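A structural walkthrough
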Amino acid sequence: MAAMSTRERQQARGPAVWWARNDLRVEDNPVLRMAAAEAALDGRSFSAVFIFDPRFLDRSNYGRVTDPLFEKSISKRRDIDFGNRKCSAQRAHFYLQCVRSLSKQLQARGVDLKVCHGLPEEIFAALPSESSVFCQQEAVSVECTDVEKNLENVLSGNGSSLVCEWGAMSLYHRDDLPFYLEEEYMPKSYSALGGAVGWKDIWCTPDREKWASRVREPVAAPSVLPARSVEVDFPGLISEEELADDEKSLARLGYSPEEIADALAREDPQGGEANARRTFEVWLSKQDGDGGNPQHGDAVFWDLPVGHGPGQGHDALQWANLARPDGWLRMSQYLAVGCISAREIYARSLACPNFNGVVHRLMWREWHRLCAIRFGRRFFWLQGPGWVERPWVWRGPEVEAWKEGKTGIPYVDACMRELRQTGWLAYKGRKTTAFFLVFGLGADWRIGAYLFEELLLDYDCAMNYGNWITVAAVEKPRRRDWHTDDKVEDIIEAYRQDIEVKLSAEMANDPSGEYIKRWVPELRSVDAAFVHKPWAMSEEDMEKSGCVVGKTYPAPLMSNLTLSTEVGEGGVGRSMERLMMEDDGEERRVHPEDFKGQVYTKKEFIEYGTSLGKSESWGEELWAGAAVAEGKPAA
């Protein structure tokens with residue numbers, strides 16, 4: 001964006017203000033250090049401010065709240081009439097805990113954190129002339145960059161400035177990346193990103209090239225902050241008394257008594273930097289190379305990107321955790337608001353026997369962040385960055401049933417109910433519920449993405465929308481063309497077997513239905529043989545279990561689903577091939593350097609090589625020696 005860099009600024013006499021955003025910590029916070037240093041070195045007053053922006057809390061129709069008329073996007077589009085809150089009361093409560101924690105950290109260093117409710121453009125307009133507002137640049141969100149541009153215009157009007165710095169939200173600093181942050185230069189795949197920054201094979205080893213891009217060391221928290229404070233009458237200032245009271249502060253932010261009561265009744269992770277670090281230390285203490293995090297020997301990975309799975313012995317990538325409903329690191333809610341940095345997790349995991357797995361997860365986060373920057377507003381379009389056109393459903397009882405976890409598909413219902421009750425969902429649950437909405441119901445993927453934006457405790461713009469456009473298969477151009485006379489029903493039938501594979505994999509990984517019974521009480525008395533497919537019960541079985549499909553538990557929104565725990569039964573084996581190939585007739589081969597086991601075209605082989613700085617002939621040689629994908633004829 002156009003905000004001033006540190007090299008362009010002249011010395012100013014007004015206050016230096018640290019605008020805390022999604023960097024709610026004092027450790028490894030280079031922006032806080034920069035703002036404090038500016039004040040101390042130039043003898044300026046110093047202030048720290050956090051703002052609850054109502055645009056990111058309130059209820060609204062889908063769209064970017066900083067561009068409600070779509071003036072910066074597509075001028076001609078279908079009217080959007082679906083929406084929800086941008087942020088649940090549950091996540092707002094978590095934010096409050098994090099902000100109060102930061103306030104205590106700053107008070108211990110002699111600075112009071114000013115917490116306001118309102119628009120940054122209006123709140124910072126109260127600053128005197130020649131002020132400097134320092135903030136972490138939120139480059140992955142077009143809404144946040146819109147706010148930055150708006151604020152820059154406001155501040156420049158009275159001779160003040162906005163200083164946006166990269167900060168430490170990402171694992172890599174932008175200045176250390178070997179490519180420009182422009183679409184034509186950025187890597188086009190996760191594997192290509194790993195190769196570009198120097199990982200020898202991000203899918204199987206933590207080894208790096210000698211020339212690899214550096215991951216910067218975390219910086220220490222400032223031991224003291226400038227004592228000279230600024231007295232400004234900020235609009236929307238929340239008093240300390242109000243901020244300390246959960247009910248009062250949530251009401252101030254616009255939540256109803258019912259929303260507040262529901263949020264405060266939940267047992268959520270405690271927010272704040274100290275709790276983030278404590279949670280990570282507990283996790284780190286449990287990692288070892290012998291018995292820690294045992295792998296599930298019978299776990300299946302039919303629908304997960306894990307190559308050949310955990311293999312024998314200790315698995316440093318911890319693949320089996322992807323097949324389980326309880327996650328692994330469980331640090332995502334702290335990373336999302338910046339209570340701990342990715343750099344600190346990376347640095348403190350270096351000696352961990354599961355470091356490879358930590359890196360792999362952090363690099364996926366990095367990939368989605370870079371994709372959000374690369375795609376900009378296209379990240380949020382129905383057609384996605386790939387401009388994919390196909391028929392969609394925008395509303396109806398089926399979509400509402402999905403939202404409430406009442407689809408009649410037990411695993412999907414369990415996931416949606418867990419999400420609604422806890423604000424969290426494991427990787428596989430997020431992917432499978434999204435896939436079912438898009439390809440099982442034919443619904444507009446943005447409906448699901450926007451609901452997740454509201455409900456997720458660990459909502460992260462790049463991670464959420466990056467995963468959704470990938471699941472919806474709109475993140476890149478697709479070779480299969482859908483025609484104007486195609487119907488939603490055609491989409492559903494085309495992807496039926498893929499849904500059967502995903503649900504069958506869950507049945508194999510949780511044969512007793514423990515996860516389902518935890519979140520869907522209607523199925524707790526159903527026999528394990530039917531808990532994943534209650535529609536298969538006889539009338540006698542239903543009577544015995546007290547679960548009557550269509551009465552006490554919904555009839556499935558997709559009928560005639562065939563689930564099996566054996567690859568090859570009921571079409572499951574046939575569907576596996578479709579998960580890795582597209583029906584365009586073009587030859588594909590298994591890439592010897594992609595341990596996902598996926599298949600690629602000759603062009604993609606060459607593109608992978610050039611992303612690593614190799615010649616086209618290098619990619620052609622790889623292609624010549626690669627195995628032809630099963631079911632695809634050789635040229």
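For the structure itself, consult the block above.
Since the structure is predicted, the reported quantities are computational estimates derived from the model, not experimental observations.

Points about empty space enclosed by the protein
A full pass over the atoms with the stated rule returns 5 cavities of 30 Å³ or more. Put simply, the largest cavity is a space of about 600 Å³. If you trace the largest cavity, you find 30 residues lining it, with Asn22, Phe56, Tyr95, Glu138 and Cys144 closest to the centre. Sorting the residues of the lining of the largest cavity by element identifies strand 1 (16–20), strand 2 (46–52), helix 2 (89–107), helix 4 (142–156) and helix 10 (332–337) as the ones contributing at least two each. The residue inventory of the lining of the largest cavity, partitioned by class, reads 19 nonpolar, 2 polar and 9 charged.

Regarding the sheet that holds strand 1
Read across the sheet, 5 strands follow the order 5-2-1-6-7 without closing on themselves; strand pairing throughout is parallel. The outermost strands of the open sheet, each flanked by one partner alone, are strand 5 (113–117) and strand 7 (161–165). Taken pair by pair, the neighbouring strands of this sheet meet at an average axis angle of 25°, ignoring direction. Here 4 bridges tie strand 1 to strand 6 (residues 132–136), and the two strands are oriented parallel to one another. Following the sheet pairing, Ala16 is matched in strand 6 by Ser132. Helix-sheet contacts for helix 4 involve strand 1, strand 6 and strand 7, and the interaxial angle to strand 7 is about 150°.

Comments concerning the packing of helix 15 (residues 427–440) against helix 17 (residues 461–471)
Taken N-terminus to C-terminus, the directions of helix 15 and helix 17 make an angle of 50°; their axes are 9 Å apart at the nearest point. Considering the angle they form, helix 15 stands oblique to helix 17. Where helix 15 crosses over helix 17, the two elements pack in a sense that is right-handed. Residues Lys431, Ala434, Phe435, Leu437, Val438 and Phe439 of helix 15 touch helix 17, and the partners they reach there are Asn467, Trp468 and Val471. Its residues assigned to classes, the contact of helix 15 with helix 17 comprises 7 nonpolar, 1 polar and 1 charged.

How each quantity is defined
- Residues numbered from 1 in each chain as written.
- Predicted model: local features only at pLDDT ≥ 70, side-chain atom pairs only at ≥ 80, totals over all residues.
- Heavy atoms only, no water.
- 1 Å grid on protein atoms, 1.4 Å probe; cavity = no way out; pocket = protein on both sides within 12 Å on 5 of 7 lines; lining within 4 Å.
- Points joined across faces, edges and corners; volume = space filled by probe spheres on them.
- Helix = DSSP H or I, 4+ residues; strand = E, 2+ residues; numbered from the N terminus.
- Nonpolar A, V, L, I, M, F, W, Y, C, P; charged D, E, K, R; others polar.
- Pairing = 2+ DSSP bridges.
- Axes fitted to C-alpha atoms, helices over the stretch in contact; angles between N-to-C directions.
- Contact = heavy atoms within 4.5 Å.
- Parallel < 35°, antiparallel > 145°, perpendicular 65-115°, else oblique.
- Left-handed = near helix turned anticlockwise from the far one by under 90°.

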